[in-house]
Amino acid sequence: MRFDPKRIVKAVNKLHHETVVRWHQVEPDNAYADFLGTVCQQHQYNFLLWHEEDIARSPDVSDARIAMVKRAIDSYNQQRNDWIEKLDDWITDDHRAYADAVRRFFAEEYQPNRKGYEEARVVDLGFWRKAGEMGLLGASAPEVYGGLGLSRTFDLVAFLEQARIHDMGFGAAVHNIVMHYIIQLATDEQKQRWLPRMVSGDLVSAVAMTEPGTGSDLQSICTTAKRDGDHFVLNGAKTFITNGQNAGLIIVVARTDPGAGSKGISLLVLETEGAEG
């Protein structure tokens, strides 16, 4: 399939708009929604930059195509600047101090090793543990589990700093999603078992949703989970799993009741150590 920058930008803009609208419906003055919009815009920009670099290396790409991508990048630059300026309306000194710490951390610990991570296609566990030590992984996790107990906007500060260096290889955002699944839905015993290690970077998490034949259309997934005593047996295939190589804890989307449509789809927690398959 040929890459169409205009189509991608339109799709990402639509996703960004819908996400922010939903947050404002929940809480009209929610600054989290505005900050989330900024992060979405930044990642859209990263995507265009990557494509610009890719087509520049391809001798068979027309000048018109290169020019189209450059125009999209130039147009986005102005939008991005407008979004970032809006942060000054609400961001606090604490956010700025945290952003400075995260920015230094990426400059000192990530950037010098980034080429190696990209070539290996995996960010090693040592970096995850360093990220945990500096507070990047557990800013919004409760203090009782080793987190900082801050607002989730501090997580977004970290995501924005990562976006500023045009990186999506370090899957902290996905790890954060799983962490808040655990915070909201797990039992006390599960929280005690998983959250401290997630905050420290000793336990990396992932979400297994996309399948080879269905993409991210959840109602079309084929992976099943059948109860067998006090556990489930998973059967299926997943692909494009961010953090998959390192993950010790994976949220797997599976069909538990084939006859119930979307209501028959569940999220199961898979601990990879000792798991079969």
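Note that the structure is a prediction, hence the values are computed from the model and not measured.

Notes on the confidence of the model for the chain
Phase 1: In the predicted model, the chain carries a mean pLDDT of 78, and 67% of its residues have values of at least 70.
Phase 2: For the chain, the element scoring lowest by mean pLDDT is helix α1 (residues 5-26), at 45; helix α6 (residues 125-133) scores highest, at 97.
Phase 3: Throughout residues 1-33 the model reports pLDDT below 50, and contacts reaching past four residues in sequence, or to other chains, amount to 39 contacts.

Here we look at the pattern of salt bridges
For side chains of opposite charge, pairing can occur when their charged atoms come near one another.
Phase 1: Tallied over the full model, the rule gives eleven salt bridges.
Phase 2: For Arg103, the salt bridge identified is with Glu161, shortest N-O distance 2.8 Å. One end of the pair, Arg103, is in helix α4 (residues 93-110); the other, Glu161, is in helix α7 (residues 153-164), with 58 residues separating them in the sequence.
Phase 3: The partner of Glu118 in a salt bridge is Arg114, and the shortest N-O contact between them spans 3.0 Å. Of this pair, Glu118 and Arg114 both sit in helix α5 (residues 114-120), separated by four residues, roughly a single helical turn.
Phase 4: The class for Glu118 is partly exposed, based on a relative accessible area of 46%.
Phase 5: It is possible to trace a salt-bridge network through shared partners that takes in Asp100, Arg103, Glu161 and Arg164.

Quick word on the pairing of strand β3 (residues 231-235)
Phase 1: Two elements, strand β2 (residues 224-228) and β3, share five bridges in a ladder whose sense is antiparallel. Looking at β3, one finds that Asp228 is bridged to His231.

Description of the nonpolar core
Phase 1: If you look at the biggest cluster of nonpolar residues, it comprises 22 residues, and the most contacted ones within it are Tyr98, Phe127, Leu136 and Phe170.
Phase 2: Counting residues per element, this core draws most heavily on α4, which supplies six residues.
Phase 3: Not counting chain neighbours up to four residues away, the residues in contact with Phe170 comprise Phe106, Tyr110, Val123, Phe127, Trp128, Ala131, Leu136, Leu137 and Gln162.

Considering helix α8 (residues 172-185)
Phase 1: With 14 residues, α8 ought to run about 20 Å at 1.5 Å a step, and its terminal C-alpha atoms sit 20 Å apart, in line with that.
Phase 2: All buried positions along α8 are accounted for by Ala172, Val174, His175, Asn176, Val178, Met179, His180, Ile182 and Ile183.
Phase 3: Lining the buried residues of α8 we find α6, α7, α9 (188-200), β1 (205-208) and β4 (249-255).

A word on the environment of Ser140
Phase 1: By the secondary structure assignment, Ser140 is in the loop between α6 and α7.
Phase 2: A C-alpha to C-alpha distance of 8.9 Å links Ser140 and His180, two positions 40 residues apart in sequence.
Phase 3: Contact partners of Ser140, with chain neighbours within four places excluded, come to Leu150, Ser151, Arg152, Asp155, Asn176 and His180.
Phase 4: A polar contact of 2.8 Å, which involves the side chain of Ser140, links it to the side chain of His180.

Some thoughts on the packing of aromatic side chains
Phase 1: One pass over the full model with this rule turns up eleven aromatic pairs.
Phase 2: Here the aromatic rings of Tyr98 and Phe154 are separated by 5.8 Å at their centres, their planes lie at 70°, and the arrangement is edge-to-face. Of this pair, Tyr98 sits in helix α4 while Phe154 sits in helix α7, and the two are 56 residues apart along the sequence.
Phase 3: Under the relative-accessibility criterion, Tyr98 is labelled buried at 9%.
Phase 4: With a centroid separation of 4.9 Å and 85° between ring planes, the pair formed by Phe127 and Phe170 is classed as edge-to-face.

Comments concerning a nonpolar patch on the surface
Phase 1: On the surface, a cluster of nonpolar side chains totalling about 390 Å² of accessible area is made up of Ile177, Tyr181, Leu185 and Leu267.
Phase 2: The leading source of residues in the nonpolar patch is α8, at three residues.
Phase 3: Overall, Tyr181 belongs to the partly exposed group, its relative accessible area being 32%.

A short note on the side chain of Arg255
Phase 1: Assignment of secondary structure puts Arg255 in strand β4.
Phase 2: Take Arg255: its relative accessible area is 13%, and that puts it in the buried class.
Phase 3: Among the polar contacts made by the side chain of Arg255, one reaches the main-chain carbonyl oxygen of Gln219 at a distance of 2.8 Å.
Phase 4: Apart from the residues lying within four places of it in its own chain, the contact partners of Arg255 are Leu218, Gln219, Ser220, Ile221, Thr223, Thr224, Ala225, Gly261, Gly264 and Ile265.

Criteria and cut-off values
- Residues numbered from 1 in each chain as written.
- Predicted model: local features only at pLDDT ≥ 70, side-chain atom pairs only at ≥ 80, totals over all residues.
- Heavy atoms only, no water.
- pLDDT = per-residue confidence, 0-100.
- Helix = DSSP H or I, 4+ residues; strand = E, 2+ residues; numbered from the N terminus.
- Contact = heavy atoms within 4.5 Å.
- Salt bridge = Lys/Arg side-chain N within 4 Å of Asp/Glu carboxyl O.
- Buried < 20%, exposed > 50% of the residue type's maximum accessible area, 1.4 Å probe, protein only.
- Pairing = 2+ DSSP bridges.
- Core = buried A, V, L, I, M, F, W, Y, C linked by side-chain atoms within 4.5 Å.
- Expected span 1.5 Å × (residues − 1).
- Polar contact = N/O pair within 3.5 Å; in protein donor to acceptor, adjacent residues only side chain to side chain.
- Phe/Tyr/Trp six-rings, centres within 6.5 Å; stacked < 30°, edge-to-face > 60°.
- Patch = residues over 30% accessible without salt bridge, like charges linked within 9 Å, V, L, I, M, F, W, Y side chains within 5 Å.
- Areas by Shrake-Rupley, 256 points an atom, 1.4 Å probe, with all protein chains shown as cover.

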